[in-house]
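Listed below are the residues making up each chain.
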Number of protein chains: 2
Amino acid sequence: MNIDAIRAAADRAAGVVRRTPMLSSPRLDAIAGRRVLVKAESLQQTGSFKFRGGWAAVSALDPKTRRRGVLACSSGNHAQGVAMAARMHDAPAVIVMPADAPRSKIDGTRALGGEVVLYDRATEDRDAIAADLAHRRDLTLILPFDDPQVIAGQGTVGLEIAEEAGRDGRADVLVCCGGGGLASGVALALEAEAPGLRVRTVEPAGFDDVARSLSAGRIVRNGRLSGSRCDAILTPQPGALTFPILQRLCGPGMAVTDDEAMQAMALAFAHLKLVLEPGGAVALAAALFRPQSVTGDTVICVATGGNVDACAFTVALITHAD
Amino acid sequence: MNIDAIRAAADRAAGVVRRTPMLSSPRLDAIAGRRVLVKAESLQQTGSFKFRGGWAAVSALDPKTRRRGVLACSSGNHAQGVAMAARMHDAPAVIVMPADAPRSKIDGTRALGGEVVLYDRATEDRDAIAADLAHRRDLTLILPFDDPQVIAGQGTVGLEIAEEAGRDGRADVLVCCGGGGLASGVALALEAEAPGLRVRTVEPAGFDDVARSLSAGRIVRNGRLSGSRCDAILTPQPGALTFPILQRLCGPGMAVTDDEAMQAMALAFAHLKLVLEPGGAVALAAALFRPQSVTGDTVICVATGGNVDACAFTVALITHAD
């Protein structure tokens, strides 16, 4: 994995992947005690950065393989990213999703032409279902984070951040983190293009496998995989490809509570006019509510996604009205 | 008023005014039956396009005049645009607002350093209050739309739309319309830069003074000025400067109901991850629900603002859940 793969992904993404805006608000600066810049990947195609990785992976397949179709396992954002990338290549996409994924994500995946296969998290083995489907239907599995093309695609976020900040920019870059695909891609891009910017992973408290792995110097698993509103970023452990990159390039990992994530959603609504999902708001929450853990005059956060049901969004607004 | 003033405003705005993204979603295309492009001015500084006009007007003042301060009358978006532009010039701003303006707009104006003077719409004369303040405190009044610098500033939205669409683009450009400052500025910019793009004003049904004025060939007033959720775009009549421009350059005006505006808000939440206010959603509503009134394969809408209280936003989401 190196910067060349990220640059190649950016070339293939030109005119397809949106360049998302970097937003700010005086009120958020006041809360954080420093300038807060928010990279709004919620405005990416399919409502999350995952379209970047999906596009990078699908566009890198040879046409014959692609025509047979792709397969992904996902609670929703990777699902929609891969489904849309496949549709834009006229390739079939089969997506294995937990039956308890947010309704808007299941509907969104279907609306993008994805064939959704639901499974029960408690009683069924997702990987076995996926392996069987891939074998029977000759589909190419696109992993959510531990895949070089996917990491390269997510890394294009880092190229855009580096361009905005300039080569001499100095800041912590807070990234909402599940398996580490986005964080490792952004870290590689920044190492090459803006070495004064340092990635910090942000996870839900109690599901901070990456922070604990970074601190332990080896891969550590989460004790459980449900019980947070941040469905998009609950993963068992950092990836075999992503972890060494994170270990080499990132600062200490951070974690915030679900309540802080929801408060960040309400503040992003009020002051940035953004719709964020809980898992897409943890980096902003860390910038706002853990100022002592961040260094510098400016902090950059990636707001990774906005695929949230109206009901869950309303709960955040009502609970944390300004 | 001509394109040179708009280009000069764009030069003064460089690095301050945000270039807002143009967004789209397959689901909205399917509803409208054509490609729908949404220019997201809700993501502009202060949450609406009004910052463009405020910045253009404040930055055009000679420094001595500016230092004495500016004055604006507004239910909220022009208020915040002028307050922020003044603050960034270290100039005082006094804003005359109706006491029943949305709470988030009054708070937002104060948070930007604006001195808010409230009045009662039913019993007090706003213009008399403003004239008295301007005289006593030697402030420069910045009108919300009938001012050449304000029209020039709003016209910078049109320059960006023209750049995205290209010189040969052909489409209707739907613009949420109060007094016509944005619509006339955009129309002037498009006339010069993308003459195949035609502005169409969109207003709340029952408050469609611009549509009726265009149809009558002379300025016609609204019968009433309250009773719509679209507080941002309730104006008594088109402006003396804006109307001749609209008359020369725009197609027939359109109108949508409050319920359609709220439905557009819910769809923008679900499929674009945007927070829109009712008055900022009427152009999208017209694109989605009046397809037979629009021509061409593509329609462009300006989503003009997102300054909405959590409560009003929640009502739109709950009433129109997908």
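This one's a predicted model, so the numbers in the text were calculated from it and none came from an experiment.

The rules behind these values
- Residues numbered from 1 in each chain as written.
- Chains lettered and ligands numbered in written order.
- Predicted model: local features only at pLDDT ≥ 70, side-chain atom pairs only at ≥ 80, totals over all residues.
- Heavy atoms only, no water.
- Helix = DSSP H or I, 4+ residues; strand = E, 2+ residues; numbered from the N terminus.
- Rg over C-alpha atoms; globule rule 2.2 N^0.38 Å.
- Buried < 20%, exposed > 50% of the residue type's maximum accessible area, 1.4 Å probe, protein only.
- Contact = heavy atoms within 4.5 Å.
- Areas by Shrake-Rupley, 256 points an atom, 1.4 Å probe, with all protein chains shown as cover.
- Lys, Arg positive; Asp, Glu negative; His and termini not counted.
- Charge placed at Lys NZ, Arg CZ, Asp CG, Glu CD.
- Buried area = accessible area lost by both parts, 1.4 Å probe.
- Salt bridge = Lys/Arg side-chain N within 4 Å of Asp/Glu carboxyl O.
- Polar contact = N/O pair within 3.5 Å; in protein donor to acceptor, adjacent residues only side chain to side chain.
- Pairing = 2+ DSSP bridges.
- Right-handed = clockwise from strand over helix to strand, strands pointing away.

A. The arrangement of the overall build of chain A in detail. Helix and strand counts for chain A come out as 14 helices and 10 strands. For chain A, whose C-alpha radius of gyration is 18 Å, the value lies close to the compact-globule estimate of 20 Å for 322 residues. Counting only C-alpha atoms and orienting by the principal axes, one finds that chain A spans roughly 55 × 40 × 40 Å. A buried classification covers 62% of the 322 residues belonging to chain A. A fraction of 74% describes how many contacts in chain A between residues 6 or more apart in sequence connect residues 24 or more apart. As presented, chain A carries roughly 11700 Å² of accessible surface, and 49% of it is formed by carbon and sulfur atoms. The averaged location of the 35 negative side-chain charges in chain A is 1 Å from the averaged location of its 34 positive side-chain charges.

B. Local environment of the interface of chain B and chain A. Chain B puts 25 residues into the contact, and the matching count from chain A is 25 residues. A combined buried area of about 2000 Å² lies between chain B and chain A, and 70% of that area is made up of carbon and sulfur atoms. Our count for the contact surface shared by chain B and chain A stands at zero salt bridges. Inspection of the chain B/chain A interface yields six residue pairs in polar contact (both at pLDDT 80 or more). When contributions to the side of chain B that touches chain A are tallied by element, the ones reaching two or more residues are β1 (22-23), α5 (77-88), α12 (258-272) and α14 (310-319) of chain B. The leading source of residues in the side of chain B that touches chain A is α14 of chain B, at four residues.

C. Just the pattern of salt bridges, in detail. Residues and elements named next belong to chain A. Evaluation of the coordinates by the stated rule reveals 40 salt bridges over all chains. When the shortest N-O distance is used, the salt bridge between Glu163 and Arg19 registers 3.3 Å. Within this pair, whereas Glu163 is found in helix α8 (residues 148-165), its partner Arg19 is found in the loop between α1 (3-13) and β1 (22-23), the two being separated by 144 residues in sequence. By relative accessible area, Glu163 is classed as exposed at 59%.

D. Up close: unusual backbone geometry. For Asp90 of chain A, which is not glycine, the phi dihedral falls at a positive 55°. Among the structural elements, Asp90 of chain A can be located in the loop between α5 (77-88) and β4 (93-98).

E. Representation of the pairing of strand β4 (residues 93-98) of chain B within the structure. Residues and elements named next belong to chain B. In terms of residue burial, β4 counts as a mostly covered element, since six of its six residues are buried. Burial along β4 is two-sided: Ala93, Ile95 and Met97 and Val94, Val96 and Pro98, pointing in opposite directions, are all buried. Of the strand pairs in this sheet, strand β3 (residues 70-73) and β4 are connected by four bridges, and their pairing is parallel. Paired with Leu71 across the bridge in β4 is Val94. Each parallel crossover has a hand, and for β3 linked through α5 to β4 it is right-handed. Pairing of β4 with strand β5 (residues 115-119) involves five bridges; the strand directions are parallel. Bridged to Val94 within β5 is Glu115. Taking the sense of rotation as the criterion, the β-α-β connection linking β4, helix α6 (residues 103-111) and β5 turns out right-handed.

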